[in-house]
Amino acid sequence: MEDILKKLQGKQLTKSSIFNFLSENISSLTFPNTEVNEIIIPTPLQQPIEFRCDACMKTFVTEVSLKQHIDKSTACKSWNNHPQKDTMVKLSKGIHLVIDDLLNEAISNNGTLECKFCKCKFSNKGNHHKHYNSSAVCNNMAYDEFKKLISK
Ligand SMILES: [Zn+2]
Ligand SMILES: [Zn+2]
């Protein structure tokens, strides 16, 4: 192919000179007669690699945009600099709901309005909670129970 194209060097290229050149050289320009026996099935374009912020789980198309996000987001930045980030707990719901559940488990018998420690019964949640303001022993026991639950 290169040899053939070299023949064009220095020639004035007009429509007819190109046509003549091609007609003279067409036989050497053809490709070997190979049979096509392979069917190529087009494959879908590869999904772009996503870059995920490990802190907030947002994804980004480029590494640069991920870095920009981390730089701009104070929370994600401090999470990324956290020495224990790899072992940190990933909460599945809001922290208030998580604490509420743990607190309820710490103070009551299976979610009932009954003190887990002195077995006093209460008519509503408010009275149940107030009980721990007035009973030091139940309050301390509840706190100890809560600590055990939260460190699980
Ligand atoms: Zn983030
Ligand atoms: Zn009690």
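Residues numbered from 1 in each chain as written. Chains lettered and ligands numbered in written order. Predicted model: local features only at pLDDT ≥ 70, side-chain atom pairs only at ≥ 80, totals over all residues.

Chemist: Explanation requested: the overall build of the protein chain in the structure shown.
Modeler: Helix and strand counts for the protein chain come out as 7 helices and 2 strands. Counting over 152 residues, the protein chain shows a buried share of 3%. Contacts in the protein chain between residues far apart in sequence, at least 24 positions, make up 22% of those at least 6 positions apart. (Helix = DSSP H or I, 4+ residues; strand = E, 2+ residues; numbered from the N terminus. Buried ≥ 20, exposed ≤ 12 C-beta atoms within 10 Å, placed from the backbone. Contact = placed C-beta atoms within 7 Å.)

Chemist: Please clarify how the environment of Thr62 should be interpreted in this entry.
Modeler: Here Thr62 shows up in the loop between β2 (59-60) and α3 (63-72). Since 12 C-beta atoms lie within 10 Å of it, Thr62 is described here as exposed. For the pair Thr62 and Arg52, spaced 10 residues apart in sequence, the C-alpha separation works out to 9.6 Å.

Chemist: Just checking my understanding: could you explain the packing of helix α5 (residues 95-107) against helix α7 (residues 136-150) for this structure?
Modeler: In a packed pair of helices, the relevant descriptors are the angle between the two axes and the axis-to-axis distance. With their axes 8 Å apart at the nearest point, α5 and α7 run at an angle of 130 degrees to one another. Here α5 is positioned oblique relative to α7, judged by the angle of their axes. Here the hand of the crossing between α5 and α7 comes out right-handed. Along its contact with α5, which presents Leu102, Leu103, Glu105, Ala106 and Ile107, the element α7 presents Ala142, Glu145, Phe146, Leu149 and Ile150. Grouping the constituent residues of the contact of α5 with α7 by class yields 8 nonpolar, no polar and 2 charged. (Axes fitted to C-alpha atoms, helices over the stretch in contact; angles between N-to-C directions. Parallel < 35°, antiparallel > 145°, perpendicular 65-115°, else oblique. Left-handed = near helix turned anticlockwise from the far one by under 90°. Nonpolar A, V, L, I, M, F, W, Y, C, P; charged D, E, K, R; others polar.)

Chemist: Looking at this structure, how should I read unusual backbone geometry?
Modeler: For residues other than glycine, phi is negative in most cases, and the peptide bonds are mostly trans. Positioned with a positive phi, Asn110 is a non-glycine residue whose angle comes to about 45 degrees. Mapped onto the secondary structure, Asn110 falls in the loop between α5 and α6 (125-134). Assessed through the 8 C-beta atoms surrounding it within 10 Å, Asn110 is described here as exposed.

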